[in-house]
Amino acid sequence: MSENHTFPRMTGTSFTPAWFENITVNTPAADRRTASLTARRTVKKDWQAAWLARAITCIDLTTLAGDDTAGRVQRLCAKARQPLRADLMAALGLDHLTVGAVCVYPTMVPHAVKALEGSGIPVASVATGFPAGLTPLPLRLAEIRYAVDQGAAEIDIVITRELALTGQWQALYDEIAQMREACGAAHMKAILATGDLKTLTNVYKASMVAMQAGSDFIKTSTGKEEVNATLPVSLTMLRALRDFHDQTGQWVGFKPAGGLKTAKDAMNWLILMKEELGTRWMMPDLFRIGASSMLGDIERQLEHHVTGRYSAANRHALA
Ligand SMILES: O=C[C@H](O)COP(=O)(O)O
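The structure displayed is predicted, hence computed values, not measured ones.

A. How the structure looks around the pattern of salt bridges. For the coordinates displayed, the defined rule picks out 22 salt bridges. One salt bridge connects Arg-161 with Glu-225, and the closest N-O pair in it is separated by 3.3 Å. Pair noted here: Arg-161 is in helix 7 (residues 161-165) and Glu-225 is in the loop between strand 6 (217-219) and helix 10 (231-248), with a separation of 64 residues, a long-range link. What makes Glu-225 buried here is its relative accessible area of 8%. The salt bridge partner of Arg-242 is Glu-276, with a shortest N-O separation of 3.7 Å. You can see Arg-242 sitting in helix 10 and its partner Glu-276 sitting in helix 11 (residues 263-277), a full 34 residues away along the chain.

Put into structure tokens, the structure is as follows:
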């Protein structure tokens, strides 16, 4: 795997229920593991600043709102091109820093492509009837092709939750495989909407099916569910991702999204990635954070690290 934005497309496997049909996830154990992990592991001072800079490179800077405008997307892209103030970059000894991608709705893709021209930052687009995914499959596939035609290099699709909730795993595989095909050369992240899947066992199974169907990334949430990214859900998906890697040697990426707002959130998920998969998975080609407001808090924490004070919009110290 190359350590930059470009990563080889996944090929997936045939539908293989043996890899997940007898799995039962121990929810209390997942809760205990993630609670102890973030309590036990701390990263301080210069290392914390370095990890936060790494987190910036993994952020999919996102705006997915009904009132999005070309102007808002252009401003977001300007931030993506320079996520950190120049004085902070200099103080931290950083000469170049950009985010992982900019993530928008399909009709906003042309504005993002134009605003990011020459930056090397890919445009990601949600598609397939985001966030509910309940439009006819031909229309969902056409939306993928539209977003790719408009210049999206990454597509975040949403799965049909009913298929996971009713255990129709072959049908889910077939649907995701068609979405993978519609993406063409674009990379595909499969949003599992884990907050709607009821159990961690369903989360594990949907993760495995999405990877077998050829997803380049598996992503927790749309950000529109009642419960979005959580650490136990993320741990469950990472275990599935590790099992898939052990079975196939294929490297699938992971993207928590929805409700990750602070530098502390960034640190917690980086700790989880390191502890579960190792430092190789702490790179933007294998790890993204879908977030619309986290960057602001990371910048405030880095300003505090450099100057010893917080900017006007104070935040709690990063414990
Ligand atoms: O990936 C996309 C999510 O919608 C971002 O969620 P957020 O607005 O809670 O950061």
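B. Region of interest: the nonpolar core. If you look at the biggest cluster of nonpolar residues, it comprises 95 residues, and the most contacted ones within it are Ile-144, Ile-155, Leu-241, Phe-254 and Ile-298. Here this core takes nine residues from helix 11, the largest share from any one element. Formed by eight residues, the second largest nonpolar core is a distinct cluster that contains Leu-64, Cys-103, Ala-124 and Val-126.

C. Representation of the pairing of strand 2 (residues 101-104) in the model. Of the two faces of strand 2, the one lined by Ala-101 and Cys-103 and the one lined by Val-102 and Val-104 are each fully buried. Here strand 1 (residues 59-62) runs beside strand 2; their pairing, made up of three bridges, is parallel. By the bridge assignment for strand 2, Asp-60 is matched with Ala-101. Two elements, strand 2 and strand 3 (residues 123-126), share three bridges in a ladder whose sense is parallel. For Val-104, the partnering residue across the bridge sits in strand 3 and is Ser-125. As for the winding sense of the linkage, the β-α-β connection from strand 2 through helix 5 (residues 109-115) to strand 3 is right-handed.

How each quantity is defined
- Residues numbered from 1 in each chain as written.
- Predicted model: local features only at pLDDT ≥ 70, side-chain atom pairs only at ≥ 80, totals over all residues.
- Heavy atoms only, no water.
- Salt bridge = Lys/Arg side-chain N within 4 Å of Asp/Glu carboxyl O.
- Helix = DSSP H or I, 4+ residues; strand = E, 2+ residues; numbered from the N terminus.
- Buried < 20%, exposed > 50% of the residue type's maximum accessible area, 1.4 Å probe, protein only.
- Core = buried A, V, L, I, M, F, W, Y, C linked by side-chain atoms within 4.5 Å.
- Pairing = 2+ DSSP bridges.
- Right-handed = clockwise from strand over helix to strand, strands pointing away.

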